[in-house]
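If you want the building blocks of each chain, they are given just below.
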Amino acid sequence: MNKPSKIAVCIILILSITCSVFFFGCNDKEGSSANIAETTDGPTTVHNTISSATQDTPTQPFTWNYSRLKQNSDSLKSEFDNIITKRKFRGTAYVKIGNDFEYIGTNGFSNKDKHTHNSLDTCYRVASITKQFTAVAIMQLKEQGKILLDDTIDKYYPSYKYADKITVKNLLTMTAGLKDYINKDGNVESSSYALSQSELAYNVSADSSAQENKKNIMNWIFSQELNFEPDSKFMYSNSSYYLLGDIIEKVSGISYEEYIVKNLLEPAGMTSSGFDEVENLAVGYQDVYDNEWTLYPGVCYSAAGLISNVPDLLKWLDALCTNTIISEESFTEMTTPYKSKYGYGLFISGDTFFHSGKIDKYNAEVLFSENQGQVFIALSNYSQSDPTNIQNYLIKILSPYYG
């Protein structure tokens, strides 16, 4: 479930003499495009956007002072640790800047009853980070000539009354106008990002199979009027990526989960990731909202169902950015903004790509540049631990090293 409301942001230049660097967070409280301004999330190299006094003077890009970062690495890590503790971030945080600075911070219990603590290898539900995996699967099938992005989805859903107006690309870019099956029409501004179970207009149950719950959700999606004419604008909707998972199944002939494991996770070496609960999956804590229904079988699916950890997500970024699982052409298409700075499963600002997620008590955020020179990952099993806040504090510490 996507929470790009406080969207992961970039480092931007402010005022003429002083350069400040900020992380904005893709507070993926189930997907919204709000606050994507001209910012990207995380430690990113950006170009000076302030015009020089004379046009003859070339504009120089601002970059990291890598030598100083390396020299002060230990003190920076100590400051980061203090922020993680002071701000009560529970989970695992990772920051990388070039080859000269790498930080790993952990805090909080992964399981209070067993007295185990969050660690680098702890697995979390990564919510809407799942969407980039779904998008890559679609691009693989496109490369194989099995899917055309400009095809309308009546090819897959002939009885759906709006199917001839919506393309596969509209689903990828969230321009289909579909009502969101998790949020109130894509509204993620409130702290309670999801509908409560009592508000649902469809039936899902912890005792029902994934297929039964999935059928009810899809029937509801198809019964709804569109929020707007397809391709006219962007609005975050988990329903778009829910349908994409089903299309992957129809085209590949295997389940969505099996396809992702076989064609993405295994080639990337992501041995700790998948869709089934594992022993080192952190227990979720703190949420006071009635969101547990989002974890019922089949509800998260291709919109938010993945379980992973920091080491595996680093493997994912490496496979994605080195064209191991899709071609360079497909990656470029996927990371080209369509409307409201959204591509295929990723928000985009310059050469920085990011997404956040929230599902039940779990929060996640991943930000990276194509060359992986800047990476930020934060995963949490505490609903009140916001990756965006951690980004903001960490970037303030790093700002003297950028300019």
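Anyway, here's the lowdown on the structure attached to this text. (Residues numbered from 1 in each chain as written. Predicted model: local features only at pLDDT ≥ 70, side-chain atom pairs only at ≥ 80, totals over all residues. Heavy atoms only, no water.)

### Structural notes on the packing of aromatic side chains
- Overall, the coordinates contain 20 aromatic pairs when judged by the stated rule.
- Seen from their ring centres, Phe133 and Trp316 are 3.8 Å apart, and the 20° between their planes marks the pair as stacked. Note that Phe133 is positioned in helix H3 (residues 130-143) and Trp316 in helix H9 (residues 310-321), a separation of 183 residues in sequence.
- Residue class for Phe133 comes out buried when judged on its relative accessible area of 1%.
- Under the relative-accessibility criterion, Trp316 is labelled buried at 1%. (Phe/Tyr/Trp six-rings, centres within 6.5 Å; stacked < 30°, edge-to-face > 60°. Helix = DSSP H or I, 4+ residues; strand = E, 2+ residues; numbered from the N terminus. Buried < 20%, exposed > 50% of the residue type's maximum accessible area, 1.4 Å probe, protein only.)

### Some words on helix H5 (residues 210-223)
- Taking 1.5 Å of rise per residue, 14 residues should cover 20 Å, and H5 covers 20 Å from first to last C-alpha, within 8% of that figure.
- The set of residues buried in H5 consists of Asn213, Lys214, Ile217, Met218, Trp220, Ile221 and Phe222.
- Of the surrounding elements, those touching the buried residues of H5 are helix H6 (238-252) and helix H8 (301-304). (Expected span 1.5 Å × (residues − 1). Contact = heavy atoms within 4.5 Å.)

### A word on H6
- Relative to the 21 Å expected for 15 residues at 1.5 Å per residue, H6 spans 22 Å between its end C-alpha atoms, a close match to the ideal helical length.
- H6 sits mainly inside the fold: 12 of its 15 residues count as buried.
- Taken from the residues just after H6, Gly253 is the one with a positive phi, measuring 80°.

### Comments concerning the environment of Pro297
- Relative to the helices and strands, Pro297 resides in the loop between helix H7 (256-268) and H8.
- Of the residues examined, Pro297 reaches a relative accessible area of 32% and is grouped as partly exposed.
- Taking the C-alpha atoms as reference, Pro297 lies 8.1 Å from Gln211; in sequence the two are 86 residues apart.
- In contact with Pro297, not counting residues within four places along its chain, are Ser205, Ala206, Ser208, Ser209, Ala210 and Asn213.

### Considering the layout of surface pockets
- For the largest pocket, the calculated volume is near 490 Å³.
- Together, 26 residues line the largest pocket, and Arg125, Phe275, Leu295, Tyr296 and Pro297 are the ones closest to its centre.
- For the lining of the largest pocket, the secondary-structure elements that each account for two or more residues are H5 and H8.
- Along the lines of polarity and charge, the residues of the lining of the largest pocket split into 15 nonpolar, five polar and six charged. (1 Å grid on protein atoms, 1.4 Å probe; cavity = no way out; pocket = protein on both sides within 12 Å on 5 of 7 lines; lining within 4 Å. Points joined across faces, edges and corners; volume = space filled by probe spheres on them. Nonpolar A, V, L, I, M, F, W, Y, C, P; charged D, E, K, R; others polar.)

### A few points about the environment of Ile104
- With respect to the helices, strands and loops of the structure, Ile104 is situated in strand E4 (residues 101-107).
- Put simply, Ile104 and Ala93 are 11 residues apart on the chain and 5.7 Å apart in space, counted from C-alpha to C-alpha.

### Some thoughts on the pattern of salt bridges
- Under the criterion given, the structure shown has 10 salt bridges.
- One salt bridge connects Asp151 with Lys155, and the closest N-O pair in it is separated by 3.4 Å.
- Note that Lys361 and Asp360 form a salt bridge whose closest N and O atoms lie 3.2 Å from each other.
- Sharing partners across several salt bridges, the network here consists of Lys214, Asp246, Glu249 and Lys250. (Salt bridge = Lys/Arg side-chain N within 4 Å of Asp/Glu carboxyl O.)

### Some thoughts on the packing of helix H2 (residues 73-86) against helix H11 (residues 387-398)
- One way to put it is that H2 packs onto H11 with a least axis distance of 10 Å and a crossing angle of 155°. What the angle tells us is that H2 and H11 run roughly antiparallel. At the point where H2 passes H11, the crossing takes the right-handed sense. For the pair formed by H2 and H11, the contact residues are Leu76, Glu79, Phe80, Ile83 and Ile84 on the first element and Ile390, Tyr393, Leu394, Ile397 and Leu398 on the second. (Axes fitted to C-alpha atoms, helices over the stretch in contact; angles between N-to-C directions. Parallel < 35°, antiparallel > 145°, perpendicular 65-115°, else oblique. Left-handed = near helix turned anticlockwise from the far one by under 90°.)

### Structural notes on the packing of H3 against H7
- Orientation of H3 relative to H7, taken along the N-to-C sense of each, is 80°, at an axis distance of 10 Å. When the axis of H3 is compared with that of H7, the two are roughly perpendicular. Here Thr130, Phe133, Thr134, Val136, Ala137, Gln140 and Leu141 of H3 come into contact with H7, specifically with Tyr256, Tyr259, Ile260, Asn263, Leu264 and Leu265.
- Of the residues in the contact of H3 with H7, the class split is nine nonpolar, four polar and no charged.

### Describing unusual backbone geometry
- At Ala127, a residue that is not glycine, the phi angle is positive and equals roughly 55°.
- Given the relative accessible area of 0%, Ala127 is considered buried.

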